[in-house]
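What the coordinates show
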Amino acid sequence: MANVLLLFICLILFSLFSFSTPLPSTTILNAAEILSNSGFDSMALTLELVSQTLIPQSSSATIFSPSDGAFASYGQPPLSLLQLHFSPLALSLHRLQSLPHGTKIPSLFAGHWLIVTSSGSGQQVSLNNVLINGSPVYDDGSLVIFAIDKFFDPHFQIPAPIQSPNSEVGCVVWMNSENSFDEASVMMRSRGYSVMASFLVMQLLGFVNKQKLTVFAPNDEVMTKYIGNYSNYSSIFLRHVVNCKLSYMDLVTFDEGTVLGTSLEGFTVKITRSGGTVILNQATVVFQEMYYSDWLVVHGINEILASPNRQEEFVSVPESRGNREGIVPDPGEF
């Protein structure tokens, strides 16, 4: 056991080399140039002038760009309307096509969502009854830009109830030798989440072979504050694992105040939102779906998850392997 712990500590110390960053300015400039070359001069100019206001401080975004004709007809759109056309998620066309009718997509306009109004089974995609014009104008994996013919209506609503955003959500999967943490670990290390990556490689959780997981990973800058306090490792790590697979779309469509159970017995995570941002206790999700597979999702957060009801006191985890119930308020959803 001592050798395993020593190896784990060494992995942590050798892996601290990078930190997550928002979209680089070169990405914004490249996107603006391609927008201009594609006939979307108004959005290109908007992106160049106010990108720091409109682009979230995260590593991904999707922009829905109205045509120059729409800008000319509308006049000078307010900042709030422009924010409605920006989502903090990098959404591919395939992902949008797979979303069922009624799914809510977060936008940067506080309290406002983009609602899928297409069927989810065809090639065409519409949001707020505005058709998306085919393939992206720009897509580098972190920033995606789609063309639309007119502005979204910020007051748009549909009477039908919102459906479950993702049929893949669940808590059970038959795992095999291919379901290791190695692939997720490589992705996490490259994005500045090396401490949690080292933890996953060591597979210290001892999960059973029928488990889907969601990991909320604090970045290295946060985790380095706790290196050396070995007795707290289990407590710190277990609280960041939920025994169900939850995409970012699932997180944003949960009711305000939904509580998630975690692998640390008695520790829960309360979901709240501020505009298009998901907050877990007091930690903000800053890197959505850093890793996504059929059984594991990793989201980056900017703080250690602390108890929502009291000042946190880190203690060792008891011998119990923790809560296996997953979602507290409504397990039937999964």
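Please refer to the structure higher up on the page.
Keep in mind it's a predicted model, so treat the numbers as computed, not measured.

Scoring rules and cut-offs
- In this numbering scheme, every chain counts its residues from 1 along its sequence in written order.
- Only residues with pLDDT of 70 or above have their local features reported here, since the model is predicted, and side-chain atom pairs are shown and tallied only from 80 upward, although totals for entire chains, interfaces and linings are computed over all residues.
- The side-chain values count all of the structure's non-hydrogen atoms but skip hydrogen atoms and water molecules.
- Per the convention used, a helix needs a DSSP run of H or I reaching at least four residues, while a strand needs a run of E reaching at least two, with both numbered from the N terminus.
- Residue burial is assigned from relative accessible area. The probe radius is 1.4 Å, only protein chains are included, and a residue is buried under 20% of its type maximum, exposed over 50%, and partly exposed in between.
- Contacts between residues were defined by any pair of non-hydrogen atoms, one from each residue, lying within 4.5 Å.
- Only Phe, Tyr and Trp rings take part, Trp by its six-membered ring, and two of them pair if their centres are within 6.5 Å. Stacked means planes under 30 degrees apart, edge-to-face means over 60, and tilted covers everything else.
- Two thresholds decide whether a charge sits over a ring: the Lys NZ or Arg CZ must be within 6 Å of the ring centre and within 35 degrees of the ring normal.
- Here a strand pair is declared whenever DSSP counts at least two bridges between the two strands.
- Axis geometry follows a simple rule: fit a line to the C-alpha atoms, using only the stretch in contact for helices, then measure angles between N-to-C directions, giving values from 0 to 180 degrees.
- One speaks of a salt bridge when a side-chain nitrogen belonging to Lys or Arg is within 4 Å of a carboxyl oxygen belonging to Asp or Glu.

1. What about the environment of Pro154?
Take Pro154: it is sitting in the loop between strand S8 (143-148) and helix H7 (182-190). For Pro154, a relative accessible area of 27% gives the class partly exposed. For Pro154, the contacting residues outside a window of four places in its chain are Leu81, Leu84, Phe109 and His112.

2. A short note on the packing of aromatic side chains
Applying the stated criterion across every chain, the model contains five aromatic pairs. For the ring pair Phe64 and Phe152, a centre distance of 5.7 Å and an interplane angle of 70 degrees mean the geometry is edge-to-face. Here Phe64 is found in strand S1 (residues 61-66), whereas its partner Phe152 is found in the loop between S8 and H7, with 88 residues between them in sequence. For Phe152, a relative accessible area of 2% translates into the label buried. Here the aromatic residues Phe64, Phe146 and Phe152 are joined through ring pairs into a cluster of three or more. Directly above the aromatic system of Tyr292 lies the positively charged group of Arg95, at a separation of 5.6 Å from the ring centroid. For Lys104, the ring lying beneath its charged end belongs to Trp113, and the centroid distance is 4.6 Å.

3. With respect to the sheet that holds strand S11 (residues 259-261)
Pairing is mixed in the open sheet, where seven strands are placed in the order S10-S9-S15-S14-S13-S12-S11. Among the strands making up the open sheet, the edge pair consists of strand S10 (241-242) and S11. Here six bridges tie strand S9 (residues 213-218) to strand S15 (residues 296-301), and the two strands are oriented parallel to one another. Note on S15: the bridge partner recorded for Thr214 is Val297. Here H7 sits on the sheet and contacts S9, strand S14 (283-292) and S15; the angle it forms with S14, its principal contact strand, is near 130 degrees.

4. With respect to the sheet that holds strand S2 (residues 86-87)
Ordered by their spatial adjacency, four strands build an open sheet running S2-S1-S8-S7, and the pairing between neighbours is mixed. Every interior strand has two partners, whereas the edge strands, S2 and strand S7 (138-139), have only one. As defined by bridge partners, S1 adjoins S2 across two bridges and the pair is classed as antiparallel. Residue pairing in the sheet places Thr62 in a bridge with Ser87 of S2. Against the sheet, helix H2 (residues 25-37) touches S1, S7 and S8, its axis set at about 25 degrees to S8.

5. Remarks on the pattern of salt bridges
With the rule as written, the count across this model stands at two salt bridges. Two residues, Glu289 and Arg95, come together in a salt bridge whose shortest N-O distance is 3.1 Å. Highlighted residues: Glu289 in strand S14 and Arg95 in helix H6 (residues 93-98), separated in sequence by 194 residues. Neither residue differs from the other here; Glu289 and Arg95 are each classed as buried. For Glu256, the salt bridge is made with Arg273, and the minimal N-O distance between the two is 3.8 Å. Of this pair, Glu256 sits in the loop between helix H11 (248-253) and S11 while Arg273 sits in strand S12 (residues 268-274), placing them 17 residues apart in sequence.

6. Observations concerning unusual backbone geometry
A positive phi angle, near 50 degrees, is found at Asn128, a position not held by glycine. Counting through the fold element by element, Asn128 comes out in the loop between strand S5 (126-127) and strand S6 (130-131). Owing to a relative accessible area of 5%, Asn128 belongs among the buried residues under this scheme. Of note, Asn129 is a non-glycine position whose phi angle comes to about 65 degrees, a positive value. Counting through the fold element by element, Asn129 comes out in the loop between S5 and S6.

These results come straight from atomic positions and should not be treated as a statement about function.
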